[in-house]
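One-letter residues, chain by chain:
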Amino acid sequence: MHLETPKRTVNKSNKEVFDFLNDIKNFETLMPSNISKFEVLNEDRFLFALKGMPEIVLQKKDQTPHSQVVLGAASDKLPFTLTADITEVSDAQSEVTLSFEGEFNAMMAMMIKSPITNFMGTLSENLAKL
């Protein structure tokens with residue numbers, strides 16, 4: 001299953017956006033308003049829960065300085081990644097695309113597609129407000 005947000009312009013340099021996303025605790029500011037729990041577990045992991053959804057632990061999986069940050073599920077039960085691709089537009093502006101990649105059966109994919117799409121849209125919108 002592959003989902004992707006439209007490119008969003010962020011009025012920050014690609015380095016500033018990368019540094020922001022690379023700091024796990026900053027994800028709390030990007031979360032939707034219906035978040036019921038957010039907890040930093042260590043410098044590479046955080047746990048969050050949206051109302052009516054199970055808790056999810058995300059951890060940093062990979063990074064490419066100033067252009068990409070990859071987070072992934074800490075559990076193998078629901079394997080997925082959330083990737084932020086950052087493109088420099090100018091010294092004070094960059095574009096960010098979020099993509100979600102996961103291996104799910106058809107029933108699970110149908111159930112989570114809409115909530116995941118909405119979640120990623122909110123992260124993207126909040127990132128553009130930085």
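To start, this report covers the structure provided alongside it.

Analysis parameters
- Residues numbered from 1 in each chain as written.
- Predicted model: local features only at pLDDT ≥ 70, side-chain atom pairs only at ≥ 80, totals over all residues.
- Heavy atoms only, no water.
- Phe/Tyr/Trp six-rings, centres within 6.5 Å; stacked < 30°, edge-to-face > 60°.
- Helix = DSSP H or I, 4+ residues; strand = E, 2+ residues; numbered from the N terminus.
- Buried < 20%, exposed > 50% of the residue type's maximum accessible area, 1.4 Å probe, protein only.
- Contact = heavy atoms within 4.5 Å.
- Pairing = 2+ DSSP bridges.

### A short note on the packing of aromatic side chains
Then step 1. In total, this model carries 6 aromatic pairs according to the counting rule given.
Then step 2. Centroid distance Phe27 to Phe46: 5.3 Å. Interplanar angle 20 degrees. Geometry classified as stacked. Of this pair, Phe27 sits in helix H2 (residues 27-30) while Phe46 sits in strand E4 (residues 45-50), placing them 19 residues apart in sequence.
Then step 3. Overall, the relative accessible area of 6% leaves Phe27 in the buried class.

### Re the environment of Asp85
Then step 1. Locating Asp85 in the fold gives a position in strand E7 (residues 80-90).
Then step 2. The spacing of Asp85 and Thr97 is 12 residues in sequence and 5.2 Å in space, taken between C-alpha atoms.
Then step 3. Other than its neighbours up to four places away in sequence, Asp85 contacts Ser67, Gln68, Glu95, Val96, Thr97 and Ser99.

### Some words on the pairing of strand E5 (residues 56-64)
Then step 1. As paired strands, E4 and E5 are joined by 4 bridges and run antiparallel to one another. Bridge pairing in E5 links Leu47 to Val57.
Then step 2. The turn joining E4 and E5, which pair antiparallel and follow one another in sequence, is formed by 5 residues; a positive phi near 80 degrees is taken by Gly52.
Then step 3. Here E5 folds back onto strand E6 (residues 68-73), and the loop between the two strands holds 3 residues, one of which, His66, carries a positive phi near 70 degrees.

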